[in-house]
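# Residue-level structural notes
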Amino acid sequence: MRSSQACFVALLAVFVLESHAQTIVLRAGNLVDPATGTVSRNQTILIKGTDIAEIGSKIEVPSGAQVIDLSNAWVLPGLMDAHTHLLLTGYESRSGLEAVYVKESSGLRTLLGARNARAVLEAGFTTIKDIGNSANYGDVDLRRAIERGWIVGPTMLTVGKIIAPFGGQSRNVSPEQSLLWQYEYIDADSPDEVRKAVRQNIFYGANTIKLVADNSRYYYSLEEIQAAVKEAHNAGYTVAVHAGGKEAARNAILAGAESIEHGFELSDELLKLMKEKGTFLVGTDFPETHLKTMSPNSTRDQKAQAERIIDRLRRAYKIGVKIAFGSDVVIEVLSGKNRGELAMDYLDVWLAAGIPPAEILKCWTTNPAELMQIENRRGNIKVGLAADIIATPENPLQDIHALKKVSFVMKDGVVIKHNK
């Protein structure tokens, strides 16, 4: 009897869930496929619950479905940012990361992340990878809150604490204040320590892994990065490695890391090795205006630095390296723009590097999905995938700046923004 009652309750629960699952029909005048750079005209997208159920030109609208008219818009999959720091902002103006550790709690920084999460989602970024500097696993808590529906934000991959050689990304810290960087870094200085650090992050809820390879004069060996890659891959997770170039980047590429983050000093020889190994470049290609705002008191030639960034991006594209967009924005505001809007400033850098709009769109959608290994769930508008959909009033394949005018955002079948 109890078994029969349990079955009845389970079936009733399924019925209730299905009866409340929202059915939405999108009338897409121009449906963009970033993978191929093609456009399908006058398509209907049927969304049931969180997923895309049907796509076609002759789909019957179910009774009671909500119909949204995007017939004059360009409809495309949600954008992706593979290098964000939602829980960090403006640290250089406050005497470095160390000031953040002393002045800002994990709770405060997680609330900052919630604010930024909403901003990037409304700008059209439905999936992001938060790459660390997230307090004491605040990124994991933020991701869980979004997953539980407590707050609105993008789908998140989170690294937890960054794994690095002794010292994290701090420099010249007083011995009396030693180890304060462990607030958001794990010191790991051998293959065994790296392996343990990966396990610690996974235990506390990270769902991807990041290493800093060369922030100091010492850098990770091939064997140390291999230990991280093997441990992460055994758990089904990817590995990103912060590396400027030279031997540290070579070790990360040969060790099988999925991506090099930044890579500002990558030579053509290393870029060709990345192409051979299938290693992604997440270039964080800062505009000159951002460089000046991030380091207003720097003695570096920021114009020359911006030109080097454009040159590296241009060379990577010409060589054929897989590229996924990553912003690395940590500016609080610039010209009144929020975190999501600031990410759009990078479009000019990509254009300056000679990358065509269709390829930019691919690097901001399907390529990051492949890097994050979620292409079977997100990154395109296809039957069976999550309904992560945005729309612009103009054609981004002709003018990529159309992405700055996102007028419609849907994430997991829920309408987040609709400017009619």
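Scroll up for the structure.
Residues numbered from 1 in each chain as written. Predicted model: local features only at pLDDT ≥ 70, side-chain atom pairs only at ≥ 80, totals over all residues. Heavy atoms only, no water.

## Description of the overall build of the protein chain
If you tally the helices and strands in the protein chain, you get 14 helices and 16 strands. If you line up the protein chain on its principal axes, its C-alpha atoms span 70 × 60 × 40 Å. Each of the 420 residues in the protein chain was classed as buried or not, and the buried ones make up 55%. Partitioning the intrachain contacts of the protein chain with sequence separation of at least 6 by distance along the chain shows that 68% fall at a separation of at least 24. Side-chain charges in the protein chain split into 47 positive and 49 negative, and the spacing between the mean points of these groups amounts to 2 Å. (Helix = DSSP H or I, 4+ residues; strand = E, 2+ residues; numbered from the N terminus. Buried < 20%, exposed > 50% of the residue type's maximum accessible area, 1.4 Å probe, protein only. Contact = heavy atoms within 4.5 Å. Lys, Arg positive; Asp, Glu negative; His and termini not counted. Charge placed at Lys NZ, Arg CZ, Asp CG, Glu CD.)

## Quick look at the pattern of salt bridges
Tallying each qualifying case throughout the model produces 21 salt bridges. A salt bridge links Asp51 to Arg377; the shortest N-O distance between them is 2.8 Å. Within this pair, whereas Asp51 is found in strand 3 (residues 51-56), its partner Arg377 is found in the loop between helix 14 (366-371) and strand 14 (389-392), the two being separated by 326 residues in sequence. Notably, a salt bridge pairs Arg195 with Asp192, separated by 2.7 Å at the nearest N-O pair. (Salt bridge = Lys/Arg side-chain N within 4 Å of Asp/Glu carboxyl O.)

## Observations regarding the packing of aromatic side chains
Summed over the entire model, instances satisfying the criterion amount to 12 aromatic pairs. With 6.2 Å between their ring centres and 75° between their planes, Trp350 and Trp364 make a pair best called edge-to-face. With a gap of 14 residues between them, Trp350 in helix 12 (residues 346-352) and Trp364 in the loop between helix 13 (357-363) and helix 14 connect regions that are remote in the sequence. For the pair shown, Trp350 and Trp364 are each scored as buried. Through successive ring pairs, a cluster of aromatic residues spans Phe125, Phe264, Phe286, Phe325, Tyr346, Trp350 and Trp364. (Phe/Tyr/Trp six-rings, centres within 6.5 Å; stacked < 30°, edge-to-face > 60°.)

## Quick look at unusual backbone geometry
Trans peptide bonds make up the majority, and among non-glycine residues the majority have a negative phi. A positive phi angle is found at Asn133, which is not glycine, with a value near 55°. Non-glycine residue Ala135 carries a positive phi angle of around 65°. In this structure Ala135 comes out as buried when scored by relative accessible area, which is 0%.

## What to know about the sheet that holds strand 7 (residues 155-158)
An order of 5-6-7 is seen for the 3 strands of this open sheet, with the pairing classed as parallel. Since the sheet does not close on itself, it has two edges, and those belong to strand 5 (79-84) and strand 7, each with one partner. On average, each strand axis in the sheet is inclined to that of its neighbour by 15°, with strand direction left out of account. Bridge count for strand 5 against strand 6 (residues 125-130) is 4 bridges, and the pairing is parallel. In the sheet register, Thr84 faces strand 6, and the bridge partner there is Asp130. Those strands touched by helix 4 (residues 138-147) are strand 6 and strand 7, and its axis lies near 155° from that of strand 7. (Pairing = 2+ DSSP bridges. Axes fitted to C-alpha atoms, helices over the stretch in contact; angles between N-to-C directions.)

## Some remarks on the packing of helix 7 (residues 246-255) against helix 8 (residues 268-277)
Helix 8 packs onto helix 7 with a crossing angle of 10° between their chain directions and a minimal axis gap of 10 Å. When the axes of helix 7 and helix 8 are compared, the pair comes out roughly parallel. Residues Lys246, Ala249, Arg250, Ile253 and Leu254 of helix 7 touch helix 8, and the partners they reach there are Glu269, Leu270, Leu273, Met274 and Lys277. Residues that form the contact of helix 7 with helix 8 fall into these classes: 6 nonpolar, no polar and 4 charged. (Parallel < 35°, antiparallel > 145°, perpendicular 65-115°, else oblique. Nonpolar A, V, L, I, M, F, W, Y, C, P; charged D, E, K, R; others polar.)

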